Amino acid sequence: MFLQIVGQNKRFCFISGIYYRSIETIHRYFRIVLKADLKLYEHLIKDPEDTVPAEIMNNRKFYPYFKV
């Protein structure tokens, strides 16, 4: 349910129709999973690196668009 709401931009009322749950129940579990994800964000999300891969840097076709 959480991934459908976040990843596919579905609404709580749409999800409640699929899973035959009340909107309140969907909202409660969504918040539980969201809070758990926020506690684990340092382990789940990696910050982008400032380096450009060599394949892109050495290719004139791509590098002008990836300059830092």
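What you see is a predicted model, and the numbers here were worked out from it, not measured in a lab.

1. A closer look at the side chain of Ser-16
Positionally, Ser-16 belongs in helix α2 (residues 12-19). There is a polar contact of 2.7 Å between the side chain of Ser-16 and the backbone oxygen of Cys-13. When near neighbours in sequence (up to four residues on either side) are disregarded, Ser-16 contacts Arg-21, Ser-22, Ile-23 and Ile-26.

2. Quick look at the environment of Asn-9
With respect to the helices and strands, the residue Asn-9 is situated in the loop between α1 (2-7) and α2. A distance of 3.1 Å separates a polar atom in the side chain of Asn-9 from a polar atom in the side chain of Arg-11.

3. Some remarks on helix α3 (residues 23-39)
The end-to-end C-alpha distance of α3 is 24 Å, a good match for the 24 Å that 17 residues give at a rise of 1.5 Å each. Here α3 has its buried residues at Thr-25, Ile-26 and Phe-30. Across the axial projection of α3, the buried residues extend over an arc of 130°, all falling on one side. Among the exposed residues of α3, those pointing more than 90 degrees away from its buried face are Glu-24, Leu-38 and Lys-39. Next to the buried residues of α3 lie α1 and α2.

Conventions we followed
- Residues numbered from 1 in each chain as written.
- Predicted model: local features only at pLDDT ≥ 70, side-chain atom pairs only at ≥ 80, totals over all residues.
- Heavy atoms only, no water.
- Helix = DSSP H or I, 4+ residues; strand = E, 2+ residues; numbered from the N terminus.
- Polar contact = N/O pair within 3.5 Å; in protein donor to acceptor, adjacent residues only side chain to side chain.
- Contact = heavy atoms within 4.5 Å.
- Expected span 1.5 Å × (residues − 1).
- Buried < 20%, exposed > 50% of the residue type's maximum accessible area, 1.4 Å probe, protein only.
- Arc of directions from axis to C-beta.

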